[in-house]
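# Structure assessment
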Amino acid sequence: MSATTEIAVTDHTVHARPSFADPGALGLGAFALTTFVLSLANSGIVPTAGAAVLGIALFYGGIAQLAAGMWEFASGNTFGATAFTSYGAFWLAFWWLETNPAAAKEAGAAGVGSFLLAWTIFTVLMTVAALKTNRVILAVFVALSLTFLALTIGEFSGAVGVSRLGGWIGFLTTAFAWYGSCAVVVNSTWKRTVLPVWPRG
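Residues numbered from 1 in each chain as written. Predicted model: local features only at pLDDT ≥ 70, side-chain atom pairs only at ≥ 80, totals over all residues. Heavy atoms only, no water.

## Quick look at the overall build of the protein
The following threshold applies: Strands here mean DSSP runs of E at least two residues long; helices mean DSSP runs of H or I at least four residues long; both are numbered from the N terminus. Throughout, the radius of gyration refers to the C-alpha atoms, and the reference size of a globule is 2.2 Å times the residue count to the power 0.38. Burial classification: accessible surface area is computed with a 1.4 Å probe over protein chains only, and a residue below 20% of its type maximum counts as buried, one above 50% as exposed, and the rest as partly exposed. The contact definition used throughout considers only heavy atoms, calling two residues in contact when any of these lie within 4.5 Å. Computed with a 1.4 Å probe, the accessible areas rest on the Shrake-Rupley method; for each residue, only the protein chains presented here act as cover. When charges are counted, Lys and Arg are positive and Asp and Glu negative, with His and the chain ends excluded. The atoms used to mark charge sites are NZ of Lys, CZ of Arg, CG of Asp and CD of Glu.
Summing up its helical and strand segments, the protein has 6 helices and 0 strands in all. For 201 residues, the compact-globule estimate of 2.2 N^0.38 gives 17 Å, and the C-alpha radius of gyration of the protein, at 21 Å, exceeds that figure by more than 25%. Over its C-alpha atoms, taken along the principal directions, the protein stretches across nearly 85 × 40 × 30 Å. Considering the protein as a whole, with its 201 residues, one finds that 40% of them fall into the buried category. Across the protein, every contact between residues at least 6 apart in sequence was considered, and the portion connecting residues at least 24 apart equals 67%. In the form shown here, the protein has an accessible surface area of approximately 11000 Å², with 70% of it arising from carbon and sulfur atoms. Here the protein contributes 8 positively and 7 negatively charged side chains, and the mean placements of these two sets differ by 17 Å.

## Structural notes on helix α3 (residues 78-98)
Residue pairs three or four apart in sequence face the same way in an α-helix, which turns once every 3.6 residues. We apply this condition: Expected span, for any helix, means 1.5 Å times one less than how many residues it has. Throughout this description, a polar contact denotes any pair of N or O atoms lying within 3.5 Å of each other; where both atoms belong to protein, one of them has to be capable of donating a hydrogen while the other can accept it, and for residues adjacent in sequence the pair is counted only when both atoms sit in side chains.
Helix length check: α3, at 21 residues, gives a terminal C-alpha distance of 30 Å against a target of 30 Å (1.5 Å per residue), a fit within 8%. The N-capping residue of α3, defined by a side-chain oxygen 3.3 Å from the backbone nitrogen of Phe79, is Asn77.

## Here we look at the packing of aromatic side chains
Selection criterion: Any two of the Phe, Tyr and Trp rings considered here, Trp counted by its six-membered ring, make a pair once their centres fall within 6.5 Å; the pair's planes then place it as stacked at under 30 degrees, edge-to-face at over 60, or tilted in between.
Overall, the coordinates contain 18 aromatic pairs when judged by the stated rule. Taken together, a centroid distance of 5.7 Å and an interplanar angle of 85° make the contact between Trp119 and Phe122 edge-to-face. In this pair, Trp119 and Phe122 are both assigned in helix α4 (residues 101-130), 3 residues apart and thus about one turn of the helix distant. Three or more aromatic residues joined by ring pairs make a cluster, and in this case those are Phe31, Phe79, Tyr87, Phe90, Trp91, Phe94, Phe115, Trp119, Phe122, Phe141 and Phe148.

## Considerations on the confidence of the model for the protein
It should be kept in mind that the predicted coordinates are not to be read in detail where pLDDT is low. Applicable threshold: The predictor's confidence in any single residue is recorded as pLDDT, a number from 0 to 100.
In this model, the protein carries an average pLDDT of 92, and 91% of its residues clear a pLDDT of 70 or more. Scored below 50 in pLDDT, residues 1-12 makes 1 contact in the model with residues more than four places away or belonging to other chains.

## Quick word on a nonpolar patch on the surface
Here is the rule: For patch building, the residue pool is restricted to those with more than 30% relative accessible area and no salt bridge; the joining distance is 9 Å between like charges and 5 Å between nonpolar side chains (Val, Leu, Ile, Met, Phe, Trp, Tyr). Definition used for salt bridges: Asp or Glu carboxyl oxygen within 4 Å of a side-chain nitrogen of Lys or Arg.
On the surface, Ile45, Val46, Leu165 and Trp168 cluster together into a nonpolar patch covering about 370 Å² of accessible area. Among the structural elements, Leu165 can be located in helix α6 (residues 160-190).

## Overview of the side chain of Asn187
Locating Asn187 in the fold gives a position in helix α6. For Asn187, a relative accessible area of 17% corresponds to the buried category. Excluding residues that lie within four positions of it along the chain, Asn187 makes contacts with Arg192, Thr193, Val194 and Leu195.

## Brief notes about the nonpolar core
To keep things clear, this is the line we draw: The criterion is simple. A nonpolar core is a set of buried Ala, Val, Leu, Ile, Met, Phe, Trp, Tyr and Cys residues joined through side-chain atoms within 4.5 Å.
In this structure, Tyr87, Trp91, Phe94, Phe141 and Phe148 are the most contacted members of the largest nonpolar core, which totals 34 residues. A per-element tally of this core places α3 first, with 8 residues. In this structure, Phe148 is in contact with Tyr87, Phe90, Leu116, Trp119, Thr120 and Thr123, ignoring residues within four places of it in sequence.

Have a look at this one:
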């Protein structure tokens, strides 16, 4: 081999995965705030909140939560990626349905009820997976399952009282999600556990 021969060297250096901030704070926060405003309408406390929530549903509950889901994919969190991406898409679908009255009218109560039923089923399935996360996330999904269930029954049956109940359970869902979001931000900022989330095995 001559001195001028070039030898290719393979780089076997292991490159560490870049460190990302926890997107769970954004995802939970976006879900909580959007759910809170919609629950004001569903519960009957502030009926006009149903119109006010549309912008939030598009930009915060929808786009921001979808972005959180994408970052969860990048960080390797399958549960968080599936949850945030899915519910971000839910809020975008909700926004589209509410801003297209012709489509909502054509769907009718049965169509909207079917929409809510599908999300109820998905949420129950995610609740099973949440059993292995932490108690705060599990509480969010249990409350959300009950919220969707009440709203589904209310839509199919036309029982306003049941839909109102769904709005009130929505506040419980909001409380758990906001706590979870706050816990991620505070614990990360303070560099210690200030607000526990009680991990499960």
